[in-house]
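Examining the three-dimensional arrangement
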Amino acid sequence: MEIESEDQGINPVYKFLNKATGEYLSITMQDFSSLADNTSSSSPVKVGGEIYQWKFSDAYNNDYLNKEIPLYAFYKASNVVGLNINSNGEVRVVKTPVNSDNSVPSDVPGINGTLS
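Attention here is on the structure that accompanies the text. Note that this is a predicted model, so its numbers are computed, not measured.

Rules of the game
Residues numbered from 1 in each chain as written. Predicted model: local features only at pLDDT ≥ 70, side-chain atom pairs only at ≥ 80, totals over all residues. Heavy atoms only, no water. Helix = DSSP H or I, 4+ residues; strand = E, 2+ residues; numbered from the N terminus. Buried < 20%, exposed > 50% of the residue type's maximum accessible area, 1.4 Å probe, protein only. Contact = heavy atoms within 4.5 Å. Areas by Shrake-Rupley, 256 points an atom, 1.4 Å probe, with all protein chains shown as cover. Phe/Tyr/Trp six-rings, centres within 6.5 Å; stacked < 30°, edge-to-face > 60°. Core = buried A, V, L, I, M, F, W, Y, C linked by side-chain atoms within 4.5 Å. Pairing = 2+ DSSP bridges.

Our focus in this paragraph is the overall build of the protein chain. A tally of helices and strands in the protein chain yields zero helices and eight strands. Secondary structure elements of the protein chain, listed N to C terminal, follow the sequence β-β-β-β-β-β-β-β. A buried classification covers 34% of the 116 residues belonging to the protein chain. Considering only residue pairs separated by 6 or more positions, the protein chain has 47% of its internal contacts joining residues 24 or more positions apart. Looking at the protein chain as shown, the accessible area adds up to about 7000 Å², and 46% of this sits on carbon and sulfur atoms.

Structure below.
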């Protein structure tokens with residue numbers, strides 16, 4: 001994992017690297033750009049694409065690591081995508097608009113509390 005700090009360690013961006021393949025955990029906008037807000041993709045996520053900078057905790061120091069925030073990425077200033085796991089164990093994408101303060105909504109089915 002690579003971490004890029006913003007504002008002295010607050011609001012970091014995480015990049016997850018598969019050491020065996022040299023590939024980052026990334027997805028393509030094509031997989032979700034046509035999704036309606038607050039819905040999950042109908043097919044499993046394909047790895048590889050332009051979205052590779054993830055957020056989930058406001059701080060990366062273990063004393064302040066927030067494990068309740070889902071793994072998500074901004075793909076527009078007003079929208080995020082998150083990853084979730086469905087009942088079959090498949091990873092899907094969920095798209096949702098952000099709140100007015102740019103926080104991730106807490107009531108999006110399938111995006112919150114997943115991958116924890």
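Take the packing of aromatic side chains next. On inspection of all chains with the given rule, the structure shows three aromatic pairs. With a centroid separation of 6.1 Å and 40 degrees between ring planes, the pair formed by tyrosine 24 and tyrosine 52 is classed as tilted. Of this pair, tyrosine 24 sits in strand 4 (residues 23-24) while tyrosine 52 sits in the loop between strand 5 (39-40) and strand 6 (72-76), and the two are 28 residues apart along the sequence. Between the aromatic rings of tyrosine 72 and phenylalanine 74, the centroid separation amounts to 6.0 Å while the plane-to-plane angle is 70 degrees, which identifies the pairing as edge-to-face.

What tends to happen in soluble globular proteins is that the nonpolar side chains get buried as a cluster. Membership of the largest hydrophobic core comes to 14 residues, with the highest contact counts inside it found for Ile27, Phe32, Ile51, Trp54, Val81, Leu83 and Val93. The set of elements that each furnish at least two residues to this core consists of strand 6 and strand 7 (79-85). Aside from chain neighbours lying at most four places away, what touches valine 93 is Ile27, Phe32, Leu35, Thr39, Ser40, Ser41, Val45, Val81, Gly82 and Leu83.

This next bit is on the sheet that holds strand 8 (residues 91-97). An order of 5-8-7-6 is seen for the four strands of this open sheet, with the pairing classed as antiparallel. Edge strands, defined here as strands with exactly one partner in the open sheet, are strand 5 and strand 6. Direction of pairing for strand 5 relative to strand 8: antiparallel, over a ladder of two bridges. For threonine 39, the partnering residue across the bridge sits in strand 8 and is lysine 95.

The buried fraction of strand 7 amounts to six of the seven residues, a majority that puts the element mostly inside the structure. Sheet topology note: the strand 6/strand 7 ladder contains four bridges and is antiparallel. If you follow tyrosine 72 over to strand 7, its bridge partner there is glycine 82. Connecting strand 6 to the antiparallel partner strand 7 that follows it, the hairpin turn spans two residues. In terms of strand pairing, strand 7 meets strand 8 through seven bridges, oriented antiparallel. Note on strand 8: the bridge partner recorded for asparagine 84 is arginine 92. Here strand 7 folds back onto strand 8, and the loop between the two strands holds five residues, one of which, glycine 89, carries a positive phi near 80 degrees.

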